[in-house]
Structure formats: structure tokens, C-alpha cells
Amino acid sequence: EKSFQKQPMIRGVHEKLISKKTPGKNGSRWYKNVGLGIRTPKEAIDGTYIDKKCPFTGNVAIRGRILTGVVRSTKMKRTIVIRRDYLHFVTKYQRYEKRHKNLSAHLSPAFRCADGDTVVVGQCRPLSKTVRFNVLKVIPVAQKGGKSFGKF
């Protein structure tokens, strides 16, 4: 972004805090705990990024569903595509078939994410036309090498 970025939550009440140059617990950085047993990442507390759609430093509440999925694409700016695999039962043949859904989620700059990582996302208000979820936790892929089974 080209314009000057600031956290809108910090106003005149916290002028003593703003005068300090160090972000973090005693600095001028505002952050929150989203609840649900999710820990606030260190980068959200100590970082300098500004993201109004971040669940830890922005104006977004996590409510509703908590889902997990595998990252398919990180090509968009601050948005990722997640693939969720599931089994669908076909009554006629008494068998299951594999299906999947793709889901767009906002990725806060507090996280580093690559294709193949598993992420935990939480539902929030609509952030754009297709984005209704926010990344809460990233579980990196174990290793790159050798064949391994996926979810099924």
C-alpha cells in the first residue's frame, strides 16, 4: 500500500504508548486474543504490519465454523485457496466417492504459508466477494520428498 498505514484502534488515550518506538506489549501495537484456544502469533504482537482484516490486529471477529484444509494456492495477495476433501456416500452402490470443495481465506501477514501446508480457518464476516474465512493457524508440511498418503 502506498498510503501511510496506522492502526485505527490507537487514539489520543494511548499517546504515552505511541511515543515509544518499540511495538509489542508495552509499545504502541494493538492486538487481541481471538479465543477458541487459538494462540496469538508472535508476529502479530511484535510485528509492524498493518492489516485491517487480520483477526489478531484488525477489526474482524471470528464466529461460526472452524475448518481445516490443505493450501492449494498462495498466488493472491493476502488470500489463499484451501482444498477440503470429504467422502460422499452413494446409496445406490453402497459406496463412497471422493469429493472436494475449494475455499478462499484471508491470510494475515503474521503467517508464512506455502502450498501443501495444513491450515485452520475460522468463519468471519464477508471480507470480499468470495472470502468469508480467516486463517488462524498454519501447520507446515512435514517434509518434501518421498511418496506419502494424503487424507484418504
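1. Brief notes about the pairing of strand E3 (residues 95-106)
Here is step 1: Two strands pair when backbone bridges link them, and strand E2 (residues 79-90) and E3 are joined in this way by twelve bridges, in the antiparallel orientation. Residue pairing in the sheet places tyrosine 86 in a bridge with arginine 99 of E3.
Here is step 2: For E3 and strand E5 (residues 133-139), the ladder comprises two bridges, and the chain directions are parallel. Across the sheet, the residue bridging to alanine 105 is phenylalanine 133, located in E5.

2. Observations concerning unusual backbone geometry
Here is step 1: The phi dihedral of leucine 36 is positive, around 60 degrees, even though this residue is not glycine.
Here is step 2: Looking at the element boundaries, leucine 36 is found in the loop between helix H1 (15-19) and helix H2 (42-46).
Here is step 3: Judged by relative accessible area, which is 61%, leucine 36 ranks as exposed.
Here is step 4: If you check the backbone angles, arginine 78 has positive phi at about 60 degrees while not being a glycine.
Here is step 5: Considering the arrangement of structural elements, one finds arginine 78 in the loop between strand E1 (66-76) and E2.

3. Quick word on the nonpolar core
One recurring pattern in soluble globular proteins is that nonpolar side chains are buried together.
Here is step 1: Grouped together as the largest cluster of nonpolar side chains are 27 residues, with contacts concentrated most on Ile80, Val119, Val121 and Val135.
Here is step 2: Every element with two or more residues in this core is listed here: E1, E2, E3, strand E4 (118-123) and E5.
Here is step 3: When residues in this core are grouped by element, the largest group, four residues, is from E5.
Here is step 4: When near neighbours in sequence (up to four residues on either side) are disregarded, isoleucine 80 contacts Val71, Ser73, Thr74, Leu103, Ser104, Ala105, Leu107, Cys113, Val119 and Val135.

4. What to know about the sheet that holds E5
Here is step 1: Here five strands make up a closed barrel; going around it, the order is E1-E2-E3-E5-E4 and the pairing mixed. Going from strand to strand, the sheet's axes swing by 50 degrees on average, the running direction of each strand aside.

5. Some details on the packing of aromatic side chains
Here is step 1: Counting across every chain of the model gives two aromatic pairs.
Here is step 2: With a centroid separation of 6.0 Å and an interplanar angle of 65 degrees, the aromatic rings of phenylalanine 56 and phenylalanine 111 are classed as edge-to-face. Of this pair, phenylalanine 56 sits in the loop between H2 and E1 while phenylalanine 111 sits in the loop between E3 and E4; the two residues are 55 residues apart in sequence, bridging distant segments of the chain.

Cut-off values and rules
- Residues numbered from 1 in each chain as written.
- Predicted model: local features only at pLDDT ≥ 70, side-chain atom pairs only at ≥ 80, totals over all residues.
- Heavy atoms only, no water.
- Pairing = 2+ DSSP bridges.
- Helix = DSSP H or I, 4+ residues; strand = E, 2+ residues; numbered from the N terminus.
- Buried < 20%, exposed > 50% of the residue type's maximum accessible area, 1.4 Å probe, protein only.
- Core = buried A, V, L, I, M, F, W, Y, C linked by side-chain atoms within 4.5 Å.
- Contact = heavy atoms within 4.5 Å.
- Axes fitted to C-alpha atoms, helices over the stretch in contact; angles between N-to-C directions.
- Phe/Tyr/Trp six-rings, centres within 6.5 Å; stacked < 30°, edge-to-face > 60°.

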